[in-house]
Amino acid sequence: MPKIKLPTKSPHIDMTPMVDLFSVVLTFLMLTTTMRQQEPAPVDTPASISEKPTPDFNMMTLLLSKDDKVFINFDNGPDTLLKFRPKILAEMGKRYNIEFTPSELREFEKYPSSIGVPILKMKEFLGTRDNKARTAFQTGVPIDSTDNQLALWVLFARQVNPNIQACIKGDSKTGFPIVKKVLDIMQDKNVNRFNLITSLEAVRINVEEIQK
Amino acid sequence: MAEIIQEEKEGGKKKAKKHAPHIDMTPMVDLMCLLITFFMLTTAFSKAKIMEIVLPEKIKDKNVDPPKIAKYRTMNIILGPDNKIYWYPGMVSPEDYKNLPPLTETDFGPTGIRKLMLDRNRALFKKIDDFNNQVISGKIRISQDSVQGAIRQLKKDDDTGPIVLIKAYKKANYGNFVDILDEMNICGIARYTFVDIAWYEEKMVETAAGIPSAATTSTK
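**Describing the overall build of chain A**
Move 1: Each helix and strand counted, chain A has eight helices and six strands in total.
Move 2: Listing every helix and strand of chain A by position from the N terminus yields α-β-β-β-β-α-α-α-α-α-β-α-β-α.
Move 3: Residues counted as buried form 29% of the 212 residues belonging to chain A.
Move 4: A separation of at least 24 residues holds for 71% of the contacts in chain A among residues at least 6 apart in sequence.

**Some thoughts on the interface of chain B and chain A**
Move 1: Taken together, the contacts link 38 residues of chain B with 48 residues of chain A.
Move 2: Within the residue set of the side of chain B that touches chain A, elements represented by two or more residues are helix 2 (26-42), strand 1 (49-54) and helix 6 (174-186) of chain B.
Move 3: It is helix 2 of chain B that provides the largest number of residues to the side of chain B that touches chain A, a total of nine residues.
Move 4: Tallied by class, residues from the side of chain B that touches chain A come to 22 nonpolar, seven polar and nine charged.
Move 5: Pairing between strand 6 (residues 193-200) of chain A and strand 1 of chain B: six bridges, direction antiparallel. Bridging across to strand 1 of chain B, Ile197 of chain A finds its partner in Ile50 of chain B.

**Some remarks on unusual backbone geometry**
Residue and element names in this part refer to chain A.
Move 1: In this structure, Asp68 takes a positive phi of about 60° despite not being glycine.
Move 2: With respect to the helices and strands, Asp68 occurs in the loop between strand 3 (59-64) and strand 4 (70-74).
Move 3: Judged by C-beta crowding, with 14 C-beta atoms within 10 Å, Asp68 ranks as partly exposed.
Move 4: Non-glycine residue Asn190 carries a positive phi angle of around 65°.
Move 5: With respect to the helices, strands and loops of the structure, Asn190 is situated in the loop between helix 7 (176-188) and strand 6.
Move 6: A residue is classified by how many C-beta atoms lie within 10 Å of it, and Asn190, with 12 of them, is exposed.

**Considering the sheet that holds strand 3 (residues 85-89) of chain B**
All names here are of chain B.
Move 1: Pairing is mixed across the open sheet formed by five strands, whose spatial order is 4-3-2-5-6. In the strand order of this sheet, the two ends are held by strand 4 (104-106) and strand 6 (191-194), each with one partner. Sheet twist, expressed as the mean angle between neighbouring strand axes with direction ignored, is 25°.

**Comments concerning the packing of helix 2 (residues 84-95) of chain A against helix 3 (residues 102-110) of chain A**
Residues and elements named next belong to chain A.
Move 1: Running from N to C, helix 2 and helix 3 cross one another at 125°; their axes reach a closest spacing of 8 Å. Here helix 2 is positioned oblique relative to helix 3, judged by the angle of their axes. Crossing geometry of helix 2 relative to helix 3 is assigned as right-handed. Taking contact as the criterion, the partners of Arg85, Pro86, Leu89 and Ala90 in helix 2 are, on helix 3, Leu105, Phe108 and Glu109.
Move 2: Across the contact of helix 2 with helix 3, the residue classes tally to five nonpolar, no polar and two charged.

Thresholds applied
- Residues numbered from 1 in each chain as written.
- Chains lettered and ligands numbered in written order.
- Predicted model: local features only at pLDDT ≥ 70, side-chain atom pairs only at ≥ 80, totals over all residues.
- Helix = DSSP H or I, 4+ residues; strand = E, 2+ residues; numbered from the N terminus.
- Buried ≥ 20, exposed ≤ 12 C-beta atoms within 10 Å, placed from the backbone.
- Contact = placed C-beta atoms within 7 Å.
- Nonpolar A, V, L, I, M, F, W, Y, C, P; charged D, E, K, R; others polar.
- Pairing = 2+ DSSP bridges.
- Axes fitted to C-alpha atoms, helices over the stretch in contact; angles between N-to-C directions.
- Parallel < 35°, antiparallel > 145°, perpendicular 65-115°, else oblique.
- Left-handed = near helix turned anticlockwise from the far one by under 90°.

Here it is, written out as structure tokens:
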């Protein structure tokens, strides 16, 4: 004798429409997604009203972190079509008499985010598989006048790809001296046009308010 | 016994076949929920935007003079420490470092630098705004690309607005730099650029902000 009376209708919900909807959303998200890349340093970009989107290729991004380190990235990660990245590294290696093996060049090509490794440590960096060990190498590109590797990166990037544009991605809290230094280095290499990467902030200006 | 059980089983199977084949979709839904959440969190929805700036070319040849600009239209903006902005009109030469003009302090708020810039740039701002309104209301039929070009032409033809020289004191940060350039874009300033700060201007900031200049080494 059951004490609890079961409901006459079984509580079966038909989930098929739900599954259909989920499939559509999932497919959409999977197709549109561009993975957010993990940067070697957290950067909180300042906001601006500019609505121009960042280009997907022909760009080199200089990442300026809060603790005055400089990282460099070409063509937004590994999705380069013309394979500029390994060429730039090979040129860099030639200058410093470092021979990079094809597998190391491929590793550099595939590396998804900005790189801030001194060139002398680059071989070790590319040889490491462990992510934690890799971050330890990311000490920033040297920009001292005695060993200005950033200038060389910029120089070779422009030699390999003459159409390359300079983008600067900085944290709002990055001190100005480092920004100035980087701008100076770029200007020495005759780069005068910069794209500052910002996040969008909607601002509406009321004209009447201004007319007062 | 065994046979009977088998029979029962078989009978049960046949009975089940009569029913509509209900598949329990709950685990599938669970999994999909998870995947959707994952993709939503990892997707960078809005791509980062860029703001263009063209810096004046460095003059390496000592014999070439930098381009001359009208003094009465010049406005100097110095980004100071603690998100402050200092400004002064005209120019200061290194010779009058004994009596430097005072700096006016302002901030990044809408009543601060924006009002200041708009007051000086009203004619051009009005022109651009009218043009934009006409485009939106359909009075002028023009493609989106040509709008930018037309605004650029308006800016080029302007000869009343201020010429803004932006300088940064060493305690300023990158956020200030982007903010001030953004402010120039908002106010539709036609001519602005970023230049190096001079040592006497650093001194002026230090006086205005009350920073002891002994602690700082000015680059002469």
